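# Understanding the architecture of this molecule
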Amino acid sequence: MTTQNPTPPAIRVALIGYSFMGRVHAQAWSSAPRFFDIGAPVSLEAVCGRDAEATGTFARRFGIPRTFGDWREAVADPDITVIDICTPGSSHAEIALAALAAGKHVLCEKPLANTLQDAAQMRDAAASAALDGIRSMVGFSYRRTPALAYARELVRNGRLGQIRHIRARYLQDWIVDPEFPLVWRLQADAAGSGALGDIGAHIIDLATFVTGHRLVGVSALTETFVRTRPLAAESAGLTADRSEKNAARGPVTVDDSTVFIGRTDGGALASFEATRLAPGSKNAMRLEIDGSLGSLSFDFESLNELLFHDHTLPAAENGFRRILVTEPDHPYAGAWWPAGHGLGYDHLFVHQAADFARAIAEGIDPEPSFTDGFEVQRVLDAVQNSAADSAAWTQI
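These figures come from a predicted structure and were not determined experimentally. (Residues numbered from 1 in each chain as written. Predicted model: local features only at pLDDT ≥ 70, side-chain atom pairs only at ≥ 80, totals over all residues. Heavy atoms only, no water.)

Across the sheet, nine strands lie side by side as β16-β15-β14-β13-β7-β12-β11-β8-β17; this open sheet has mixed pairing. Whereas interior strands pair on both sides, the edge strands pair on one side only; in this sheet they are β16 (320–324) and β17 (394–395). Where helix α6 (residues 146–156) meets the sheet, its contacts fall on β7 (163–171), β13 (284–291), β14 (294–299), β15 (305–310) and β16, and the angle it forms with β15 comes to roughly 20 degrees. Running at roughly 55 degrees to strand β8 (residues 215–223), helix α12 (residues 370–388) makes contact with β8, β11 (257–264) and β17 of the sheet. (Pairing = 2+ DSSP bridges. Helix = DSSP H or I, 4+ residues; strand = E, 2+ residues; numbered from the N terminus. Contact = heavy atoms within 4.5 Å. Axes fitted to C-alpha atoms, helices over the stretch in contact; angles between N-to-C directions.)

Right, dumping it as structure tokens:
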């Protein structure tokens, strides 16, 4: 008589937050078990939001059976096994710490927290919970871009040799207009920092993910070019016409743009730039790596492509060549469409949900961990400290 291994317990997710990131995560949880072998049943069971009407509309749109008005209800619910945090950074630590203490697995959007102290608490709580089989992961979704995952393989296989230069930029233009309203991402009490934490965190993490190097020191400059912005109607408490609303403005308390240089523990020199004030750049997340044997170049606005230069080839035939990262042998790509049929932004979150769910089902620690998120937070903190001290060199 043969015995079969029991199916792992069902993975039942509660989504905390229903705005932009909530929509992407909801779609991801729905698609992940359809395209990837998870090893356990996966379902998005609930969504939590303070606005009951908006939360209900979101739940109906995505076929989510339950709603909560307070995240504490989701944490306390015995049927929920995963808490997926898609709220502003100011609430990450409180929700994650409570969820881990309640024995829930936690997926938390980046950056891990708004302060280094909060990130350290989350790291320590996650490490303690892991001893009891509770898994946690921070949502650096760009790691799941097939081209970047493949770039990491090339580096690990020695195709670039010794890494010497890392250049990373993340350019957007969605707040170029000085009349763009003062949303929460432009307020330090909610967001922690501006372009630095919002998009700079991604390229800091990717530099480590692809190269294996960590920054050991930085020198940084930050700038807030648009110092005040119109208050949103709900912030201003206004119900009058548009001209009256636009008369009320509030201070922008985060950086618009950040540039910094650094040195890594592997001896490489690195430069980083993050801005949301680059006209014409919609989501231009770019990474270039130079080594002793070759180079890589990636631009997220061409996310299915990786440029690779093999410097070991004869001079007459070397140069950058374009790799279309859609073959079944490429990371993640084989689960989707025929070769040559590209993926998009939302697919990265499906990969993230699938990886996290599979780690829970298999009882392994997922990556990036809360420790990885803490290490990024250390860099963010060092960048802010350096910028506040006139670009002084700051050890990490």
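After that view, the rundown keeps rolling.
This paragraph deals with α6. The buried count for α6 comes to nine of eleven residues, which makes it a mostly enclosed element. Among all positions of α6, only Pro146, Ala147, Leu148, Ala149, Tyr150, Ala151, Arg152, Leu154 and Val155 are buried. Following α6 by one or two positions, Gly158 has its phi on the positive side, about 80 degrees. (Buried < 20%, exposed > 50% of the residue type's maximum accessible area, 1.4 Å probe, protein only.)

Ile83 and Phe370 are the most contacted members of the largest nonpolar core, which totals 109 residues. Beyond its immediate chain neighbours, meaning those up to four positions away, Ile83 contacts Ala14, Ile16, Ala74, Val75, Ile95, Ala99, Lys104, His105, Val106 and Leu107. Ranked by size, the runner-up nonpolar core spans six residues in total, among them Ile175, Leu186, Val252 and Leu277. (Core = buried A, V, L, I, M, F, W, Y, C linked by side-chain atoms within 4.5 Å.)

Let's shift gears to the sheet that holds strand β2 (residues 42–48). Sheet strands pair via backbone hydrogen bonds, and the direction of the pair is either parallel or antiparallel. The six strands are arranged β3-β2-β1-β4-β5-β6 in an open sheet whose pairing can be described as parallel. Edge strands, defined here as strands with exactly one partner in the open sheet, are β3 (66–68) and β6 (136–139). Sheet twist, expressed as the average angle between the axes of neighbouring strands with direction ignored, equals 25 degrees.

What helix α2 (residues 52–62) keeps buried is the set Thr55, Gly56, Phe58 and Ala59. Buried positions in α2, seen along its axis, are confined to an arc of 160 degrees and lie on one side of it. For α2, the exposed residues set more than 90 degrees away from the buried face come down to Glu53, Arg60 and Arg61. Each element contacted by the buried residues of α2 is listed here: β1 (11–16), α1 (20–35), β2 and β3. For α2, the capping residue at the N-terminal end is Asp51, with a side-chain oxygen 3.1 Å from the backbone nitrogen of Glu53. Remark: Gly63 follows α2 within two positions and exhibits a positive phi of approximately 65 degrees. (Arc of directions from axis to C-beta. Polar contact = N/O pair within 3.5 Å; in protein donor to acceptor, adjacent residues only side chain to side chain.)

A few words on the pattern of salt bridges. Overall, the coordinates contain 21 salt bridges when judged by the stated rule. Of the charged contacts in the structure, one is a salt bridge between Arg185 and Asp198, with a shortest N-O distance of 3.1 Å. Residue Arg185 is located in the loop between β7 and α7 (188–191), and its partner Asp198 is located in helix α8 (residues 195–211); the two are separated by 13 residues in the primary sequence. Linking Asp355 and Arg358 is a salt bridge whose minimum nitrogen-to-oxygen distance equals 3.3 Å. Here Arg358 and Asp355 lie together in helix α11 (residues 345–362), a separation of three residues that amounts to about one turn. The class of Asp355 is buried, set by a relative accessible area of 17%. The class for Arg358 is partly exposed, based on a relative accessible area of 21%. One network of salt bridges, in which partners are shared, links Lys110, Arg185, Asp198 and Arg276. (Salt bridge = Lys/Arg side-chain N within 4 Å of Asp/Glu carboxyl O.)

Purely geometric numbers; function is a separate question.
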